[in-house]
Amino acid sequence: MEFSHFSFPTQIVYGNGSISQICENLKKNGKKRVLLVTDRALARLPIIENIVKSLHKKVKVSIYSDFAGNPIVSDVDNGVKAFKAFKADSLIVVGGGAALDVGKVIGLMATHTGHLFDYEDGKEGALPVCNEIPFWIAIPTTAGTGSEVGRSSVISDDVSKSKKIIFDPKLLAPLVIVDPQLTTGLPPGVTAATGMDALTHNIEAYLAKGYHPICDAIALEAIRMIAQNLEKAVQHPNDLSARGNMLMASLMGSIAFQKGLGLTHSCAHALSTCFDTHHGLANAIMLPACVHFNLTAAPDRCSRIAEAVGIIENSTNKANEKLIAWLKNLNYRLGITNGLTQLNVTITEQLLNVAQADGCHALGPRPVSREDFKLLFKQSM
């Protein structure tokens, strides 16, 4: 088998069957006791059993999987206890955004003191990430968050459920293994929702204010890849080419949103906080209304997004109208046919408060008022 190797700056091994490279890289780094971190649902699937079997031939392994989506601080604390109790010297983190976010800050708190939120990004008096983080390998099983190449972790407070961002370049995984074969067993709904999460990351990164032509170029190419491959991955789950392209587009989105995110994510973060809505699904539902909101502030950029998804029009206005229609139709074709009402979401003061307090929308091309948020949620019902 041939694998592709990238460094951007994380070392990435890509290819069908690339998961076979785990033991070799643990051995190369002198690691002998591994805590495998994954979520509760994934832990029950053959993929984890197979990884553990392959690892047992070379190293000692313990599994920590006592958490699900929208992870909270106690999930991290329990993982740190598991790491120390096992006397682990490394981590393998397998899963989607929740597992990857939990795994990377288990590594952080295994070698740092205090409370996790003492390291919150932008917090006055935040503690520095100054100690070495244990060697860890990131293995994504969904094409959505791109957290495997991210320098941040999003964890919720146990009580308030408010999301906090822990950010530092030291949180980058030393090695990422991207194996399309690991995603073929995903249910269509999960493939669709996580794929729309990746699309949202790239669209919002491209629309974010500021000068960053590198991120802009990556985002546009990823948008093109998603437009060409997401439906294939949903409808033909064993299409390894489509699966691989979606994994790379997801990874590219995480690189691109170094530039910033935007309004859709502020809405999605509020929905996850207040109603425990799946992040990718929340983004999918909110995306058409939020892109439409930004049309007047970034018409040329929106038309370039339209071109990336295959819409060719001489008129910017026509291209942008068709882009909104394309986003709505894409959701429908992916089976995301219901709005927020079907998720038992209501527009509460808390929902508006959380959305308005979220920092992502400040990076978007158009200022957003409380009434704007209210209207956007209403339009997405």
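Residues numbered from 1 in each chain as written. Predicted model: local features only at pLDDT ≥ 70, side-chain atom pairs only at ≥ 80, totals over all residues. Heavy atoms only, no water.

**Student:** Tell me about the environment of Gly122, residues and numbers included.
**Tutor:** Residue placement: Gly122 occurs in the loop between helix H5 (97–110) and strand E6 (135–140). Overall, Gly122 belongs to the exposed group, its relative accessible area being 76%. In the structure, Gly122 is positioned 185 residues away from Glu307 in sequence and 36 Å away in space, judged by C-alpha atoms. (Helix = DSSP H or I, 4+ residues; strand = E, 2+ residues; numbered from the N terminus. Buried < 20%, exposed > 50% of the residue type's maximum accessible area, 1.4 Å probe, protein only.)

**Student:** If you had to explain the packing of aromatic side chains to someone new, which residues and values would you point to?
**Tutor:** Within this structure, the stated rule accounts for one aromatic pair. Ring geometry for Tyr64 against Phe67: centres 5.8 Å apart, planes inclined by 35°, an arrangement best described as tilted. Take Tyr64 and Phe67: they sit in the same class, and that class is buried. Of note, Arg301 hangs over the ring of Tyr206, and the distance from its end group to the ring centre comes to 4.5 Å. Above the ring of Phe293, the side-chain terminus of Arg366 is found at 3.8 Å from the ring centroid. (Phe/Tyr/Trp six-rings, centres within 6.5 Å; stacked < 30°, edge-to-face > 60°. Lys NZ or Arg CZ within 6 Å of the ring centre and 35° of its normal.)

**Student:** Would you mind going over the packing of helix H6 (residues 188–207) against helix H12 (residues 316–333) in detail, with residue names and values included?
**Tutor:** At a minimum axis distance of 12 Å, the contact between H6 and H12 shows a crossing angle of 160°. Judged by the inter-axis angle, H6 sits roughly antiparallel to H12. Of the two possible hands of crossing, H6 and H12 adopt the one that is left-handed. Seen from H6, the contacting residues are Met196, Leu199 and Ile203; seen from H12, they are Trp326, Leu327, Leu330 and Asn331. (Axes fitted to C-alpha atoms, helices over the stretch in contact; angles between N-to-C directions. Parallel < 35°, antiparallel > 145°, perpendicular 65-115°, else oblique. Left-handed = near helix turned anticlockwise from the far one by under 90°. Contact = heavy atoms within 4.5 Å.)

**Student:** Could you give an account of helix H3 (residues 46–56), naming the residues involved and the relevant values?
**Tutor:** Every buried residue belonging to H3 is among Ile47, Ile48, Ile51, Val52 and Leu55, and all of these are buried. With its buried residues spanning 130° around the axis, H3 presents them on a single face. The outward face of H3, more than 90 degrees from its buried face, is lined by the exposed residues Pro46 and Lys53. In this fold, the buried residues of H3 make contact with helix H1 (22–28), strand E3 (33–37), helix H2 (40–43), strand E4 (60–64) and strand E5 (90–95). (Arc of directions from axis to C-beta.)

**Student:** Tell me about the nonpolar core, and name the residues and values.
**Tutor:** Generally speaking, a soluble globular protein has its nonpolar side chains buried in company with each other. Among the nonpolar cores identified, the biggest contains 104 residues, and Leu108, Leu116, Leu199, Leu323 and Phe377 are the most heavily contacted of them. In terms of residue count, the dominant contributor to this core is helix H7 (residues 213–235) (10 residues). When sequence neighbours within four positions are dropped, the list of residues in contact with Leu199 reads Ile223, Ile226, Leu287, Trp326, Leu327 and Leu330. Core analysis: the second largest hydrophobic core is formed by 24 residues, Val13, Leu42, Ile51 and Leu182 among them. (Core = buried A, V, L, I, M, F, W, Y, C linked by side-chain atoms within 4.5 Å.)

**Student:** So, unusual backbone geometry: which residues are in play, and what are the values?
**Tutor:** Within the chain, Lys87 stands out as a residue other than glycine whose phi angle is a positive 55°. Position of Lys87 among the secondary structure elements: in the loop between helix H4 (73–85) and E5. Here the phi dihedral of Asp276 falls at roughly 55°; this positive angle occurs in a residue that is not glycine. Mapping Asp276 onto the fold places it in the loop between helix H9 (263–275) and helix H10 (279–294).

**Student:** Describe H9, with residues and values.
**Tutor:** Here H9 spans 18 Å end to end across 13 residues, near enough to the 18 Å set by a 1.5 Å rise per residue. The buried count for H9 comes to 12 of 13 residues, which makes it a mostly enclosed element. Inspection of H9 places Leu263, Thr264, His265, Ser266, Cys267, Ala268, His269, Ala270, Leu271, Ser272, Thr273 and Cys274 among the buried residues, and these make up the whole buried set. If you follow the buried residues of H9, they end up packed against strand E8 (163–167), H6, H10, helix H13 (349–357) and helix H14 (370–379). Where H9 terminates, the next one or two residues include Asp276, which has phi positive at roughly 55°. (Expected span 1.5 Å × (residues − 1).)

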